[in-house]
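Chain by chain, the residues:
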Amino acid sequence: MKDYILKNGKVYNSQSRCFEEKNIVVSEGKITAMEAGIEKEGITEINLEGMILSPGLIDMHTHIYPLCGSSEDTLPMIDGEAHMFQNGVTTAVDAGSCGCKDFFDFKDRFIDKSKLRILAFINIAHGGMVSLASELEPRNFYVETAAAIAREIKEVVGVKTAHYHVGKPFDEEHPAWASVDAAVRAGELAGKPVMADVQPYLPGRSYEELILQRLRPGDIHTHVYAQQFHILNEKNEIQEFMLEARKRGTLFDLGHGAGSFWFRNAIPAYEQGFYPDTLSTDLYLHNVNGPAYGLLNVMSKYLNIGMPLEEVLYRTTARPAEIIGHPELGKLEVGMDADISVLRVTEGNFGFADSGNARMQGKQILECMLTIRAGEFVYNPMAYGMPDWKNAPESYRIAPGVIEL
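Residues numbered from 1 in each chain as written. Predicted model: local features only at pLDDT ≥ 70, side-chain atom pairs only at ≥ 80, totals over all residues. Heavy atoms only, no water.

A. Representation of the overall build of the protein within the structure. When helices and strands are counted, the protein shows ten helices and 17 strands. Relative to a compact globule of 405 residues, whose C-alpha radius of gyration would be 22 Å, the protein shows 22 Å and is just as compact. Overall, the protein is about 75 × 50 × 35 Å in size when its C-alpha atoms are taken along their principal axes. Sorting the 405 residues of the protein into buried and exposed places 57% on the buried side. The contacts of the protein with a sequence gap of at least 6 include a subset with a gap of at least 24, amounting to 74%. (Helix = DSSP H or I, 4+ residues; strand = E, 2+ residues; numbered from the N terminus. Rg over C-alpha atoms; globule rule 2.2 N^0.38 Å. Buried < 20%, exposed > 50% of the residue type's maximum accessible area, 1.4 Å probe, protein only. Contact = heavy atoms within 4.5 Å.)

Encoded structure:
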């Protein structure tokens, strides 16, 4: 379908963070009209009564540079199109899978060819997570090269530091902050933010120093609710330094992952008014079947923790778009690509797991009914827009690519 109208759904306005009664007309991959009660004759009508029409979701933290025959030294990554569209995600941000060694292969084979919009943080380490050992040695931190790629390649949204020197004593060759400082220098040269995955370790590398001194305003700490970050004090109250860091402009990404989200940190923090700036999955092979599953599972957890749906959607649309310097994403406006996630809130009895195998009971889940990327139906389990089989034209009787004998 090149032209169609989406009718009777509740359209989420990520700028005002509210729902509006509007119909959306799509033509040649673009949104051409958005008005209450608008009609358009001669094109397919799709009734989405009871559904939420959100801007295409943005997963701020993923790992989608799939490699065949991965070694033990490689983070096992996933195919973006295979997992993102079914979660309503139209833009996925790869969080430092590749350093300068592999980035252009990633770009040529996946970023440039995928229907999924792929953006990326470039890893400060030359080998990135394709070779995890590369992240351990300061000699592999190519500051100028990473900065040049971040500055010149439009899909690169920032610089990533991760996994540096955990469990070993610091020395002259391995200073405590070598990876973070190198990433920040590259970020300064490129004029782009840094995302940091840092283990607090020994007195020389504290969490307070990371978020209050080492990172700049606008830089991002990911995995904020992991067990190793003492964001709560002995009274289970949010630490004052967390509030101070937020005031100075440090940003906090959820980055669920296999081992980085704990209800015992996240729920008390939320109840005291400390919430993540962005909801994200850190999706890769070892958590795609749990406990992260996909962005809708992470969003559903926060819906049941108590975050209003309008805020859950904001932290997966306009907010990440703003943080990564792409304000044209995460919203629905006339003239823009028709990137639309059609979602449904389902009531019932549900359970949710964290990274410590603890359970939270919930009463709502978010489900994806349709994902539209640049006007194309890329995930359509409800067969919207398709003719009933009894009345389907003759052309529908032949499978695409099959020669009829």
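B. Structural view of the packing of aromatic side chains. By the definition in use, this model includes 15 aromatic pairs. With 5.5 Å between their ring centres and 55° between their planes, Y12 and F19 make a pair best called tilted. Residue classification places Y12 among the buried positions, given a relative accessible area of 1%. Classification of F19 by relative accessible area gives partly exposed; the value is 22%. (Phe/Tyr/Trp six-rings, centres within 6.5 Å; stacked < 30°, edge-to-face > 60°.)

C. Looking closely at a negative patch on the surface. There is a patch of like negative charges on the surface, built from E234, E237, E240 and E244. One can find E244 in helix α6 (residues 240-248). In this structure E244 comes out as partly exposed when scored by relative accessible area, which is 48%. (Patch = residues over 30% accessible without salt bridge, like charges linked within 9 Å, V, L, I, M, F, W, Y side chains within 5 Å. Areas by Shrake-Rupley, 256 points an atom, 1.4 Å probe, with all protein chains shown as cover. Salt bridge = Lys/Arg side-chain N within 4 Å of Asp/Glu carboxyl O. Lys, Arg positive; Asp, Glu negative; His and termini not counted. Charge placed at Lys NZ, Arg CZ, Asp CG, Glu CD.)

D. Quick look at the packing of helix α3 (residues 143-152) against helix α4 (residues 178-190). The geometry of α3 relative to α4 is characterised by a closest axis approach of 8 Å and an angle of 40° between their N-to-C directions. Taken together, the axis directions place α3 and α4 in an arrangement best described as oblique. In this structure, the crossing between α3 and α4 has a hand that is right-handed. Each of V143, A147, A150 and R151 in α3 lies in contact with α4, whose residues at this interface are A182, R185, A186, L189 and A190. Within the contact of α3 with α4, the residues separate by chemical class into seven nonpolar, no polar and two charged. (Axes fitted to C-alpha atoms, helices over the stretch in contact; angles between N-to-C directions. Parallel < 35°, antiparallel > 145°, perpendicular 65-115°, else oblique. Left-handed = near helix turned anticlockwise from the far one by under 90°. Nonpolar A, V, L, I, M, F, W, Y, C, P; charged D, E, K, R; others polar.)

E. A look at the pattern of salt bridges. For the coordinates displayed, the defined rule picks out 26 salt bridges. Residue E137 is joined to R139 by a salt bridge in which the shortest nitrogen-to-oxygen separation is 3.3 Å. With relative accessibility at 22%, the residue E137 sits in the partly exposed group. Residue R139 is classed as exposed on the basis of its relative accessible area, which comes to 62%. For the salt bridge of D339 with R373, the shortest nitrogen-to-oxygen distance reads 3.1 Å. Here D339, found in the loop between α10 (318-323) and β15 (340-353), pairs with R373, found in strand β16 (residues 359-373); they are 34 residues apart in sequence, far enough to count as distant. Accessibility classification places D339 together with R373 in one group, the buried group. A single salt-bridge network, built from bridges that share partners, covers K30, R117, D337, D339 and R373.

F. Quick peek at the state of the cysteines. Per the stated rule, a full pass over the model turns up zero disulfides. Free cysteine: C98, not disulfide-bonded; nearest cysteine sulfur from C100 at 10 Å. Overall, C98 belongs to the buried group, its relative accessible area being 1%. (Disulfide = S-S within 2.5 Å.)

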